[in-house]
Amino acid sequence: MVLLKSISIVETINSNFFEVLCAIGANLMLCCAGFTSSASGFLIPQLEDPILGFGITTDEGSWMASIKEIGSLTGAIFGALLSEKIGRRSSLIMDSILFSLGTLLTAFAINLEMILAGRFIQGHSSASAMVSAPMYTCEISQPKVRRYTALFPVLCWDIGNVQFYFVFMTILYTRWRC
């Protein structure tokens, strides 16, 4: 009897560990989205410098800071429709790929328009993932684990945001491009 109880406890721990691990994996893209959400505060002063950046104006800097939020508006709407049409998991995979493309476009930008396009894509895909990730996380988690895994989307976003500040505090005066 004791042996059967100990086996069931081990199975429960392994099952819950796998659920938590899957929930973390589903929300990792939100760490990246949180990381890039504060990037405009670091990038705008460097982009205004004609030597390090493109010598952008204050108006262009405002567009760079706000274009990600405009992308978030479209991402939230289309993310809900897409996750309902093709499923939460597939939607998260597509969002991750799209976010990676937006990040590459921003990192290797040769002009301001490429940065604006990359930031728009980042905003669109991160908002779409912010719609899909909580639903997917709750769908794959059992009720006894759901109370912990439901906080992962916001937690991952915040962890990414804090990581940004720690990373760029150390390399504040370096070049922004790859």
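Residues numbered from 1 in each chain as written. Predicted model: local features only at pLDDT ≥ 70, side-chain atom pairs only at ≥ 80, totals over all residues. Heavy atoms only, no water.

Draft legend 1. Region of interest: the overall build of the chain. For the chain, the helix and strand inventory stands at 7 helices and 0 strands. Counting all 178 residues of the chain, 37% fall into the buried class. Roughly 10,200 Å² of accessible area belongs to the chain as shown, and the carbon and sulfur atoms make up 72% of that amount. (Helix = DSSP H or I, 4+ residues; strand = E, 2+ residues; numbered from the N terminus. Buried < 20%, exposed > 50% of the residue type's maximum accessible area, 1.4 Å probe, protein only. Areas by Shrake-Rupley, 256 points an atom, 1.4 Å probe, with all protein chains shown as cover.)

Draft legend 2. Representation of helix α4 (residues 88–107) in the model. In this model α4 runs 28 Å from its N-terminal to its C-terminal C-alpha over 20 residues, within 8% of the 28 Å that 1.5 Å per residue would give. Inspection of α4 places Arg88, Ser91, Leu92, Asp95, Phe99, Gly102, Thr106 and Ala107 among the buried residues, and these make up the whole buried set. Taken around the axis of α4, the buried residues stretch over an arc of 135°, which confines them to a single face. In this structure, α4 carries Arg89 and Ile97 as exposed residues pointing more than 90 degrees from its buried face. (Expected span 1.5 Å × (residues − 1). Arc of directions from axis to C-beta.)

Draft legend 3. Quick peek at the pattern of salt bridges. Tallied over the full model, the rule gives 2 salt bridges. The salt bridge partner of Glu84 is Arg88, with a shortest N-O separation of 3.5 Å. Take Glu84: its relative accessible area is 61%, and that puts it in the exposed class. Overall, the relative accessible area of 16% leaves Arg88 in the buried class. The partner of Arg88 in a salt bridge is Glu139, with the nearest N and O atoms 3.2 Å apart. With a gap of 51 residues between them, Arg88 in helix α4 and Glu139 in helix α5 (residues 112–140) connect regions that are remote in the sequence. (Salt bridge = Lys/Arg side-chain N within 4 Å of Asp/Glu carboxyl O.)

Draft legend 4. Structural detail: the side chain of Lys68. Positionally, Lys68 belongs in helix α3 (residues 58–86). Glu69 is the oppositely charged side chain nearest to the buried, salt-bridge-free Lys68, at an N-O distance of 5.4 Å. (Lys, Arg positive; Asp, Glu negative; His and termini not counted.)

Draft legend 5. Representation of the confidence of the model for the chain. Averaged over every residue, the pLDDT of the chain is 85; the share at 70 or more is 87%. Summarising per-element confidence for the chain, the mean pLDDT is lowest in helix α1 (residues 2–37) (74) and highest in α4 (94). Here residues 2–6 is modelled with pLDDT under 50, and outside its nearest four sequence neighbours on either side it reaches 0 contacts, counting other chains as well. (pLDDT = per-residue confidence, 0-100. Contact = heavy atoms within 4.5 Å.)

Draft legend 6. Region of the structure containing the environment of Ser125. Relative to the helices and strands, Ser125 is located in helix α5. For the pair formed by Ser125 and Asp95, sequence separation is 30 residues and the distance between their alpha carbons is 4.9 Å. Excluding residues within four positions of it along the chain, Ser125 makes contact with Met29, Asp95, Leu98 and Phe99. Within the local environment of Ser125, its side chain forms a polar contact with the backbone oxygen of Ile121, the two atoms lying 2.9 Å apart. (Polar contact = N/O pair within 3.5 Å; in protein donor to acceptor, adjacent residues only side chain to side chain.)

Draft legend 7. Inspection of a nonpolar patch on the surface at higher detail. Together, Ile93, Ile97, Leu101, Leu104 and Phe108 make up a nonpolar patch on the protein surface, roughly 490 Å² of accessible area in all. Positionally, Leu101 belongs in helix α4. Take Leu101: its relative accessible area is 48%, and that puts it in the partly exposed class. (Patch = residues over 30% accessible without salt bridge, like charges linked within 9 Å, V, L, I, M, F, W, Y side chains within 5 Å.)

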